[in-house]
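Close look at the chain arrangement
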Amino acid sequence: MRARARLFVSALASALLVLATPVNLWAHASLVSSDPAAKSLLHAAPTRIRLVFSEALEPTLGRISLVGPSGAVMKLAAAGDPHDVNALIAPNSTSIAAASP
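One numbering rule holds for all chains: residues counted from 1, following each sequence as written. The model is predicted, so local features are restricted to residues of pLDDT at least 70 and side-chain atom pairs to those at 80 or more, both for listing and for counting; the totals for chains, interfaces and linings are taken over all residues. Note: side-chain values were computed over all heavy atoms of the structure, leaving out hydrogens and water.

For the rest of this paragraph, the subject is the overall build of the protein. When you go through the protein residue by residue, the secondary structure sums to one helix and six strands. Tracing the protein from N to C terminus, the helices and strands come up as α-β-β-β-β-β-β. Within the protein, the fraction of its 101 residues that count as buried is 20%. Any pair of residues with heavy atoms lying within 4.5 Å of one another is described as a contacting pair. Taking the contacts inside the protein whose residues are at least 6 apart along the sequence as the reference set, 50% of them involve residues at least 24 apart. For the protein, the accessible area works out to roughly 7900 Å², and carbon and sulfur atoms hold 64% of it. Strands are runs of DSSP state E lasting at least 2 residues, helices are runs of H or I lasting at least 4, and numbering of each runs from the N terminus. When a residue's accessible area, from a 1.4 Å probe over protein chains only, is under 20% of the maximum for its type it is buried; when over 50% it is exposed; and in between it is partly exposed. A 1.4 Å probe and the Shrake-Rupley method give the accessible areas. Residues count as covered only by the protein chains that appear here.

Here we take up the pattern of salt bridges. Each salt bridge in this description consists of a side-chain nitrogen of Lys or Arg and a carboxyl oxygen of Asp or Glu lying within 4 Å of one another. Within the structure shown, the criterion is met by three salt bridges. The partner of arginine 50 in a salt bridge is aspartate 84, with the nearest N and O atoms 3.3 Å apart. Placement of arginine 50 in strand β2 (residues 48-53) and of aspartate 84 in strand β6 (residues 84-91) is noted, with a sequence separation of 34 residues between them. Here aspartate 84 falls in the partly exposed class, since its relative accessible area comes to 23%.

The next thing to look at is the sheet that holds strand β5 (residues 79-81). DSSP-based pairing: two strands are paired if at least 2 bridges between them are found. Reading across the sheet, the four strands line up as β1-β2-β6-β5 and stay open at both edges, with antiparallel pairing between neighbours. In the strand order of this sheet, the two ends are held by β1 (31-35) and β5, each with one partner. Each strand axis lies, on average, 30° off the axis of its neighbour in the sheet, ignoring direction. Note: β1 against β2, four bridges, orientation antiparallel. Within β2, the residue paired with leucine 31 across the bridge is phenylalanine 53. Angles run from 0 to 180 degrees between N-to-C directions of axes, and those axes are lines fitted to C-alpha atoms, restricted for helices to the stretch in contact.

Nonpolar cores were defined as sets of buried Ala, Val, Leu, Ile, Met, Phe, Trp, Tyr and Cys residues, with membership established by side-chain atoms within 4.5 Å. Membership of the largest hydrophobic core is limited to nine residues, which are Ile49, Leu51, Phe53, Ile64, Leu66, Met74, Leu76, Leu88 and Ala90. Counting residues per element, the ones that place at least two in this core are β2, β3 (64-67), β4 (73-76) and β6. For this core, the element with the most residues is β2, which contributes three residues. With sequence-adjacent residues up to four places away left out, leucine 88 is seen in contact with Ile49, Arg50, Leu51, Phe53, Leu57, Pro59, Gly62, Arg63, Ile64, Ala79, Gly80 and Asp81.

Spelled out as C-alpha cells, the structure:
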C-alpha cells in the first residue's frame, strides 16, 4: 500500500511540475512586427525585409521569401539583425518579376 502511495505522490508531483512550467516555454517565436507591414500590397518589390519576433532567434535557421502577384516566389538571403537579436533582415536587389513561378 505504501508503494502505491509513493507512486501516486511522485506522479502528482511530476504533473504539478509540468503544469507549473510557463506555457511560453513550449511555444515558438511569433511575429511581432514587420517592415513592410504583414499582408501589405506593394507596387514595387521592397529593397529590404525586416521581421521582428517575440524572442531571440537563431539567424541561420531563418528563411524569408517574397511572393509576387503572379505567385512567383523569390527566396532572399536572411540574416540576423546586428542591432536586434529578435529580428531577421533580408536585402532585396531584384524585382519580384525576375523570380520564377
